[in-house]
Each structure stands twice: as structure tokens, then as C-alpha cells.
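# Coordinates in review
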Amino acid sequence: MGLTILMLVFGVGVVIGMPVAFAMGIAAASAFWYEGFPMLITFQRATAGVSVFSLLAIPFFVLAGEIMLHGGIAVRLVKLASALVGHLKGGLAMVNIFSSMLFGGISGSAVADISALGSILVPVMKERGYRPDFAVNVTVTSSIAGIVIPPSHNMIIFAVAAGGGISVSKLFLAGVIPGMIMCVSLAIAAYAMSVKHNYPSEPFPGWKEVGRSAGDAIPGFLTAVIIVGGTLSGIFTVTESGAFGAIYAILLTTFFYRSLTWESFKTAIVGTVRTTSMVMILIAFASSFAYLLALYQVPATLSNALVTISDNPIMILLMINVILLILGMIMDMAALILICTPIFLPIAKGLGMDPTQFGIMMLMNLGLGLCTPPVGTCLFVGCAVGKIKIEEALKSIWPFYLAILGALILVTYVPAVSLWLPSVDFSVVWLWISNLVPFI
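Residues numbered from 1 in each chain as written. Predicted model: local features only at pLDDT ≥ 70, side-chain atom pairs only at ≥ 80, totals over all residues. Heavy atoms only, no water.

Quick note on the threshold: UniProt positions are given in the numbering used here, feature names are shortened, and annotations may be inferred rather than shown by experiment.
The protein appears in an unreviewed UniProt entry as TRAP transporter large permease protein from Octadecabacter temperatus. Of the protein, the UniProt comment under Subunit (unreviewed entry) reads exactly: "The complex comprises the extracytoplasmic solute receptor protein and the two transmembrane proteins." The heading Subcellular location (unreviewed entry) in the UniProt record of the protein holds the text "Cell inner membrane".

Structure, rendered in C-alpha cells:
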């Protein structure tokens, strides 16, 4: 009965449009009240959920991304991408995807990617003869590269939801190759559609312009290098890397690029506070919600149910992916990470799947949910930027869905795709670099 109350209250809250965080909090309080627990337990579990040191990295990651968003870094990355891949068939679509891969590695946010790059590229693509729905679909689907390619605050949320036993550094490394494969798959789909509709290509500006664009964009891209490299080298913790990355972003856009104004800085701070507040409230109430799921033995029950249907690991992983895809269509990504990780991670580990591999699989899966109706945040933002209806975008987005699904299948069933890079001994690499520097 307690589980019924928990899920019923939560379901009603989501259906009537209540924010997911508050729906989980009210549902948890209702279940605790039914069980006769003191109401104080609800808030103790909530505060315990956010009293995790590694969560301090999230506001720094978000701040670095917001500063880059409002400090003009996106324009420089677009120029670099245009110089490198703009001459291919459907060149601006390739520029869009490659820019998302670069900018996603800095901002770590799909919505920031669409806001920054979409507002630049979508109008230009429409002027050059690209169909509006194609321009929007390329922007929306490529934006989720920021969820997988490090640094990503969603990786920190997953590590916390998994119980803290997963290295954020390994998650960072594990997301690099899957993110690149996903972008390459999207580029192939975009190229095929560009050939079909005879979309134009841009003239190659020459290697001199490529070098000039790279020199202008690389200082901005070093933000991601500082965050990820500092963590992997052991020089900084994840939180310290985020802090240094944010400081570097502020100094770079203020004194080097001179593109960060006081107004844009205030906008970045407000955006950081808003995003961090939403994430922290969500984590807090999800902690109480997850505690009750464990109390009612939901993970064990669901595991037994899946095993009853099939004992084939391939089929069980397929069912988990299908469940996550369906849930991703109707719920927010961060909430699903917090709710589903304690449920499905033990099942995946029981099948012999590495927790890091499962984390990347989940992030890619739920990232696709951001591009699907009825609650696809990226899809809504992209259509708003492109000024088209969602129905118009959905008519031609399916090739991009297939591209992401293909990358997801590789991550799910080929462990080396996500686990090879974390297995590399980077201490040897850093030693080699440190020995090489004096000669340079």
C-alpha cells in the first residue's frame, strides 16, 4: 500500500504539471506519513542527498558553461568548425554537428548548446536553402553530445546516484569515444539527407584560415582541457577542476577575448544559480524517493521480473534500454538518473556490465529522451529557436534518431567502446609529456 501511495501521488503530480522535484518530495512525504515515520525523516533524507562533497563541482561546471555561452566562445568554435568541415556536402549541417561536439565539451549542457549554436547556425542554414526542419533537427540531436562528452554535470549526478563508488574521472574518459561516435553517426545521416536534397557546401577557406580559426578557438577549448585534464592527472579533484575551469573562463572572456560584458556576466550568474538550484532540489527530494524505493525492494522485484521474462543478458539490456527510452519521453533527465540508477544498476552489474559502461549507456539513452515528445526539452528549445512547430520537426527527425540509436547499441553491447579509454594508464602519458616539455 505504501508503494502504491508513493507511485500514485508521484504520477498524479507529474500528470497535472507539477515540477518533478516537488512531485517526488510530496510523494515521499505521503509514503513516510502512511508508514508512520516522523516527517523529519523526509527532510533528513533530502539533506543527506545533497550533503555530498562531489556535488560542489556542479555549480562550477555550470558557471564555466554559462560564461562560455555568454562570452562569445560559441562564435569562435563555429568559425573553426566551418573552416574544417564546411566544404563537405551539406557543409553547414557538418559545422553544426562538429560545433556541438566542441561546445558540448565545454558547456556540458544540451540546452546551452542549442541556445548558443542554434541561434547562430539555424538562421544561416535557412538563408542558404536548408529546410527549417532539417536545420532544427540537426541542432537538436547533436546538442546531446554535451551530455556524454566531458565535462558533464550529469555524470556527477550519476556517480552520486550510484552510491559514490564510481570514479567521475573514469566517466569523463568513458564518454569521449561514444560521444564522438554519436556525432559521426549524426554527420553520416546529415550527409545522406544533404545529398538527397542537394544542400550546398561552403568554399574551403584554405589552411591559413583554418590555422587562424584554430588559434582563436583553442584558448576557449582549453577550459574543457583544464577541467578534464586536471582531474585525470590527479592535480585537482573534480570540484577543484570545475572551480579553476570557471575562473579560467572568466579571465579568458574578460581579458583575452574582451567579449564578456557586465550584463552578460550577470546573466551567466543568474543562469548558474537557477540551474544549480533546480538540480540540487531535484537531488534532495529524489534521495527521499529513492530511499523508499529501496525500502519497498523495488530494485529486487523489478530484477526478478526481468529475469522471469528472459535470462538472456542481451534481451535484459534491451528491455532496460526500452524502459529508459519510454521514461525519457515523459520525464526530466536528471530525475530519471536519480530514480533509475538504484533500480537498474544492480541488474546491469549482475549481468556483468561495468558500472561505468552502464552510466554512459544511461546518459546516451536519456539524452535521446531530451529530443523526443512530449517532454523533450531540447526539442522544444530547438523549435523555438528555429521558429517552427514541433509537428513539422518530427516529420523528418527519424534518421537522426536512428543514428543515435545505432551509437547506443554499440555502447550497450560492445564494452570496449566506453571502457577502452578509461583503461589507459595516463600516469605514463603524463610522465612522457613532462619529460618531453624540457626538450620543447
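Right, picking up where we left off after that structure.
### A look at the overall build of the protein
Filter applied, for reference: Only DSSP runs of H or I covering at least 4 residues are called helices, and only runs of E covering at least 2 are called strands; the numbering of each starts at the N terminus. Here the radius of gyration uses the C-alpha set of atoms, whereas the globule reference equals 2.2 Å times the residue count to the power 0.38. Partly exposed residues are those whose accessible area sits between 20% and 50% of the maximum for their type, while under 20% is buried and over 50% is exposed, using a 1.4 Å probe and protein chains only. A contact between two residues is defined here by any heavy atoms of the two lying within 4.5 Å. Only the protein chains shown count as covering a residue, and every accessible area follows the Shrake-Rupley method with a 1.4 Å probe. Charged residues are defined narrowly, with Lys and Arg counted positive, Asp and Glu counted negative, and His plus the chain ends left uncounted. A single reference atom marks each charge: NZ on Lys, CZ on Arg, CG on Asp, CD on Glu.
Looking only at helices and strands, the protein has 24 helices and zero strands in total. By the compact-globule yardstick of 22 Å for 440 residues, the protein fits well, its C-alpha radius of gyration being 22 Å. A principal-axis box enclosing the C-alpha atoms of the protein has dimensions of 70 × 55 × 45 Å. Across the 440 residues in the protein, those meeting the buried criterion constitute 53%. Of all intrachain contacts in the protein linking residues separated by at least 6 positions in sequence, the fraction that spans at least 24 positions is 78%. As presented, the protein carries roughly 18700 Å² of accessible surface, and 71% of it is formed by carbon and sulfur atoms. Positive and negative side-chain charges in the protein, numbering 18 and 16 respectively, have mean positions lying 8 Å apart.

### Notes on the packing of helix α13 (residues 207–233) against helix α14 (residues 238–256)
Just so we agree on the cut-off: Where helices are involved, their axes are fitted lines through C-alpha atoms of the stretch in contact, as for all axes, and angles between N-to-C directions lie from 0 to 180°. Each angle gets one of four labels, with under 35 degrees taken as roughly parallel, over 145 as roughly antiparallel, 65 to 115 as roughly perpendicular, and the rest as oblique. The handedness criterion is simple: a crossing whose near helix is rotated anticlockwise from the far helix by less than a right angle is left-handed, and one whose near helix is rotated clockwise is right-handed.
Running from N to C, α13 and α14 point in directions that differ by 165°, and their axes come no closer than 8 Å. On the basis of their axis angle, the class for α13 and α14 is roughly antiparallel. Read as a crossing pair, α13 and α14 show a hand that is right-handed. Contact residues: Pro 219, Gly 220, Leu 222, Thr 223, Ile 226, Ile 227, Gly 230 and Thr 231 in α13; Val 238, Ser 241, Gly 242, Phe 244, Gly 245, Tyr 248, Ala 249, Leu 252 and Phe 256 in α14.

### What to know about the pattern of salt bridges
The test is simple: Whenever a carboxyl oxygen of Asp or Glu lies within 4 Å of a side-chain nitrogen of Lys or Arg, that contact is scored as a salt bridge.
Going through the model one piece at a time under the given rule, you end up with five salt bridges. For Arg 131, the salt bridge is made with Asp 133, and the minimal N-O distance between the two is 2.8 Å. Looking at Arg 131, the relative accessible area reads 39%, which means it is partly exposed. Looking at Asp 133, the relative accessible area reads 3%, which means it is buried. A salt bridge links Glu 263 to Lys 266; the shortest N-O distance between them is 3.3 Å. Highlighted residues: Glu 263 and Lys 266, both in helix α15 (residues 262–295), separated by three residues, approximately one helical turn.

### Regarding the nonpolar core
Inclusion rule: Within this scheme, the nonpolar core is defined by two criteria: the residues are buried Ala, Val, Leu, Ile, Met, Phe, Trp, Tyr or Cys, and they are joined through side-chain atoms within 4.5 Å.
The biggest cluster of nonpolar side chains holds 140 residues, and the ones touching the most others in it are Met 24, Phe 134, Ile 320 and Phe 358. In terms of residue count, helix α18 (residues 333–350) provides more of this core than any other element does, 13 residues in total. Beyond its immediate chain neighbours, meaning those up to four positions away, Met 24 contacts Phe 10, Leu 282, Phe 285, Ala 286, Phe 289, Ala 335 and Ile 339.

### A short note on helix α1 (residues 2–15)
Selection rule: Multiplying one less than the number of residues by 1.5 Å gives the expected span of a helix. Working note: the arc is built from the helix axis to C-beta atom directions.
Under the 1.5 Å per step criterion, the end-to-end length of α1 is 20 Å for 14 residues, consistent within 8% with the ideal 20 Å. The complete set of buried residues in α1 reads Gly 2, Ile 5, Leu 6, Phe 10 and Gly 13. Axial view of α1: buried residues confined to an arc of 120°, hence all on one face. In α1, the exposed residues that point more than 90 degrees away from the buried face are Leu 8 and Val 15.

### Overview of the environment of Tyr 34
Structurally, the position occupied by Tyr 34 is in helix α2 (residues 20–35). Taking relative accessible area as the criterion, Tyr 34 reaches 40% and is therefore assigned partly exposed. With 349 residues separating them in the primary sequence, Tyr 34 and Cys 383 have C-alpha atoms 43 Å apart. Excluding residues that lie within four positions of it along the chain, Tyr 34 makes contacts with Met 1, Gly 2 and Ile 5.

### A short note on the packing of helix α10 (residues 153–161) against α18
Where α10 contacts α18, the two axes come as close as 9 Å, and the packing angle between them is 25°. Our classification of the angle between α10 and α18 gives roughly parallel. Read as a crossing pair, α10 and α18 show a hand that is right-handed. In this structure, α10 uses Asn 154, Ile 157, Phe 158 and Ala 161 to contact α18, whose residues at the interface are Met 333, Ala 334, Ile 337, Leu 338, Thr 341 and Pro 342.

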